[in-house]
Amino acid sequence: NYQIGRFHPVFIGEVFHGRYVVIQKLGYGNFSTVWLAKDFKMNIFVALKIQRSAPQSQEAALDEIEILQAIQRKSRNINIVKLLNVFVHKGLFGNHYVLIFEILGQNLLELIRNCDNDGLNLDQCKSIIKQILIALDFLHRECGIVHTDLKPENILLCLTTEQIKDIVEKGQIKQRQYFSEQLNKYYKQSKSDKKKEKRKRQKEKKKLQSIKYKLQQIDSNKRIFQVKIADFGNACWVNHHMSEVIQTQKYRAPEVILGQYYGTSADIWSLACIAFELVTGDSLFETEFEDYDTHLMQIQEILGPFPIEFSSVGTYCRQYFKYDGQLRNVKVKHYCSLQQLLVKKYQMENYEAAQFADFLQPMLNVFSYKRSTASQMLKHPWISKQQFKFHYFFEMPILDNEHEDNSESENENLDGASF
Ligand code: ADP
Ligand code: MG
């Protein structure tokens, strides 16, 4: 796999740039592998991201470096991953750009999964979303940069010094285990030796388990996490796009699906999807790969029918919409406002659901130019502690066939909702 993708085949203990020694693997993406390393010059632990060596990967790496360096020059935004160094490494499969970052922890997807898919507690969610908004406000307004791939995998938790120590220790135990297993393969051992080895391994296993438990505890504790946006591998400038198709499908803004112009507000749409996922543990939109008909249908199910001025614009609009504004290949079966969804499916209290829906709604405006900006969203009472006042009242349309389904008792449940 390393050879096919022209990834650099890293070995544990390998030294880069005469100062970074690899300890263990941290993660990987489509374009890179990421490793925990010790910087012996500064005596700190860092994340070492090794880009693939294919020519287009090298070009993409250069764009990523340019954008990261522009961000670092502007200011030291605390909610964006810090780039520490860049160099080229000559490997078996060619030249690889290597980016050295501060070391961060789990990504939000792992965090959501660790919470048994139940979502985090509301205060944690609010704090995380606020931090992402602060970072986006800086990226959009001060740097003129669109991240274009905002999703839980690309938002990472910050680590305390204690946690870094734990991870390093865990990596070293793993290494020891690996080497002792290798040794076992080649040398016959006396019975007593074997017993000793077994005891040692059990001890190490226990230690590993306790570290895992400790990490889980830290993660599931009620403490508020600090997060940073990472992975600028697809980022672009407001006035200079690298690609017309951006974002991972689930988080893709409707203007991108239709092939209209996009800007910084595309990130805001993704953020609304992330916020929903953090709070509920479920994706807001979930469709089969490249099934945009269903995707556009799902968006309308919660936002209401698209205005014709939206559905009749964009390179691909006729692929999905008829001239009357109806979807060409699928039919919207029912409408369910965000607030209704939060109450019915996720058993949120009416008032809480109304507040959260009121927060999400302005980020999910299908018209990208009407979508609230990060700085506007930072003032929203759901995260700013301002006194709450509802901003968005709207009527969801009811389809003919829904009149019969809506029993009295269901309507009663929604008393006090904002529609
Ligand atoms: P790609 O551009 O290939 O998607 P990313 O920058 O998203 O690469 O990194 C891939 C994965 O590596 C991330 O999802 C994360 O798990 C891990 N990772 C990236 N940067 C760091 C970091 N600074 N500290 C710790 N882990 C990281
Ligand atoms: Mg990534």
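Please read all numbers here as calculations on a predicted model, not as lab measurements.

1. A word on the overall build of the chain
Point 1. Counting its regular elements, the chain contains 16 helices and ten strands.
Point 2. By the burial criterion, 34% of the 419 residues in the chain qualify as buried.
Point 3. Considering only residue pairs separated by 6 or more positions, the chain has 69% of its internal contacts joining residues 24 or more positions apart.

2. A few points about the nonpolar core
Point 1. In terms of nonpolar packing, the biggest core is built from 89 residues, with Leu 48, Ile 132, Leu 271, Ala 272, Ala 275, Leu 278 and Leu 360 touching the most fellow members.
Point 2. Those residues within four positions of Ile 132 in sequence are excluded, and the remaining contacts are Asn 79, Ile 155, Val 227, Ile 229 and Leu 271.

3. Brief notes about the sheet that holds strand β1 (residues 15-16)
Point 1. Read across the open sheet, the six strands follow the order β1-β2-β3-β4-β6-β5; overall the sheet is antiparallel. Single-partner strands in this sheet number two, and they are β1 and β5 (83-91).
Point 2. In this structure, β5 lies alongside strand β6 (residues 94-102), joined through eight bridges in antiparallel fashion. Each bridged residue has a counterpart across the sheet, and for Gly 91 the counterpart in β6 is Gly 94.
Point 3. Together, β4 (44-51), β5 and β6 form the strand contacts of helix α1 (residues 55-74), whose direction differs from that of β6 by roughly 25°.

4. Concerning helix α7 (residues 265-280)
Point 1. Between its first and last C-alpha, α7 extends 23 Å over 16 residues, near the 22 Å set by a 1.5 Å rise per residue.
Point 2. Of all 16 residues that make up α7, 16 are buried, and the element is covered over most of its length.
Point 3. One or two residues past the end of α7 sits Gly 281, with phi positive at roughly 85°.

5. Looking at the site of ligand 1
Point 1. Surveying the vicinity of ligand 1 reveals 21 residues, the closest of which are Gly 27, Gly 29, Val 34, Ala 47 and Asp 231.
Point 2. When contributions to the shell around ligand 1 are tallied by element, the ones reaching two or more residues are β2 (20-28), β3 (32-39) and β4.
Point 3. Ranked by residues supplied to the shell around ligand 1, first place goes to β2 with three residues.
Point 4. Partitioning the shell around ligand 1 into residue classes produces eleven nonpolar, seven polar and three charged.

6. Quick word on the UniProt feature "binding site: ATP" (unreviewed entry) in the chain
Point 1. Under the present numbering, the feature "binding site: ATP" (unreviewed entry) in UniProt falls on Lys 49.
Point 2. When you line up the elements, Lys 49 lands in strand β4.
Point 3. If we skip the residues at most four places from it in the chain, Lys 49 touches Ser 32, Val 34, Val 98, Leu 99 and Phe 101.

7. Side note on the pairing of β2
Point 1. Alignment of β1 against β2, held across two bridges, turns out to be antiparallel. Bridge pairing in β2 links Val 15 to Val 21.
Point 2. The antiparallel pairing of β1 with β2 creates a hairpin that spans three residues between the two strands, and His 17 there sits at a positive phi of about 55°.
Point 3. Across seven bridges, β2 lies against β3 in antiparallel orientation. Within the sheet, the bridge partner assigned to Gly 27 lies in β3 and is Val 34.
Point 4. What sits between β2 and β3 in their antiparallel hairpin is a turn of three residues.

8. A word on the packing of helix α3 (residues 122-143) against α7
Point 1. At a closest axis distance of 10 Å, the pairing of α3 and α7 adopts a crossing angle of 165°. As far as their axial angle goes, α7 and α3 are roughly antiparallel. At the point where α3 passes α7, the crossing takes the right-handed sense. Here α3 contributes Leu 122, Cys 125, Ile 128, Ile 129, Ile 132 and Leu 136 to the contact with α7, which in turn contributes Asp 267, Leu 271, Ala 275, Leu 278 and Val 279.
Point 2. Residues of the contact of α3 with α7, tallied by class, amount to ten nonpolar, no polar and one charged.

9. Brief notes about the environment of Gly 171
Point 1. Of note, Gly 171 is situated in helix α4 (residues 161-186).
Point 2. A residue is classified by how many C-beta atoms lie within 10 Å of it, and Gly 171, with 19 of them, is partly exposed.
Point 3. For the pair formed by Gly 171 and Ile 23, sequence separation is 148 residues and the distance between their alpha carbons is 6.5 Å.
Point 4. Beyond its immediate sequence surroundings of up to four residues, Gly 171 is in contact with Ile 23, Gln 24 and Leu 36.

10. Details of the pairing of β3
Point 1. With six of eight residues buried, β3 lies mostly within the body of the structure.
Point 2. Pairing analysis gives eight bridges linking β3 to β4, with the strands arranged antiparallel. Within β4, the position partnered with Trp 35 by the bridge is Leu 48.
Point 3. Counted between consecutive antiparallel strands, the loop separating β3 from β4 contains four residues, among which Asn 43 sits at a positive phi close to 60°.

11. Focus on the confidence of the model for the chain
Point 1. Looking at the chain, pLDDT values average 85 and 82% of them are 70 or higher.
Point 2. Contacts from residues 403-419, a stretch scored under 50 in pLDDT, to residues over four places away or in other chains number 20 contacts.

12. Structural notes on the environment of Gln 376
Point 1. Note that Gln 376 resides in helix α13 (residues 374-377).
Point 2. The partly exposed category is assigned to Gln 376, around which 14 C-beta atoms lie within 10 Å.
Point 3. Measuring from C-alpha to C-alpha, the distance between Gln 376 and Lys 151 comes to 21 Å, with 225 residues separating the pair along the chain.

13. Looking at unusual backbone geometry
Point 1. Even without a glycine there, the phi angle at Asn 43 is positive, about 60°.
Point 2. Position of Asn 43 among the secondary structure elements: in the loop between β3 and β4.
Point 3. With 7 C-beta atoms counted inside 10 Å, the residue Asn 43 sits in the exposed group.
Point 4. Unlike most non-glycine residues, Gln 347 shows phi in positive territory, near 50°.
Point 5. Following the sequence through the fold, Gln 347 ends up in the loop between α11 (338-344) and α12 (350-360).

Each value, and the rule that gives it
Residues numbered from 1 in each chain as written. Chains lettered and ligands numbered in written order. Predicted model: local features only at pLDDT ≥ 70, side-chain atom pairs only at ≥ 80, totals over all residues. Helix = DSSP H or I, 4+ residues; strand = E, 2+ residues; numbered from the N terminus. Buried ≥ 20, exposed ≤ 12 C-beta atoms within 10 Å, placed from the backbone. Contact = placed C-beta atoms within 7 Å. Core = buried A, V, L, I, M, F, W, Y, C linked by C-beta atoms within 7 Å. Pairing = 2+ DSSP bridges. Axes fitted to C-alpha atoms, helices over the stretch in contact; angles between N-to-C directions. Expected span 1.5 Å × (residues − 1). Near = placed C-beta within 6 Å. Nonpolar A, V, L, I, M, F, W, Y, C, P; charged D, E, K, R; others polar. UniProt positions renumbered as here; feature names shortened; annotations may be inferred. Parallel < 35°, antiparallel > 145°, perpendicular 65-115°, else oblique. Left-handed = near helix turned anticlockwise from the far one by under 90°. pLDDT = per-residue confidence, 0-100.

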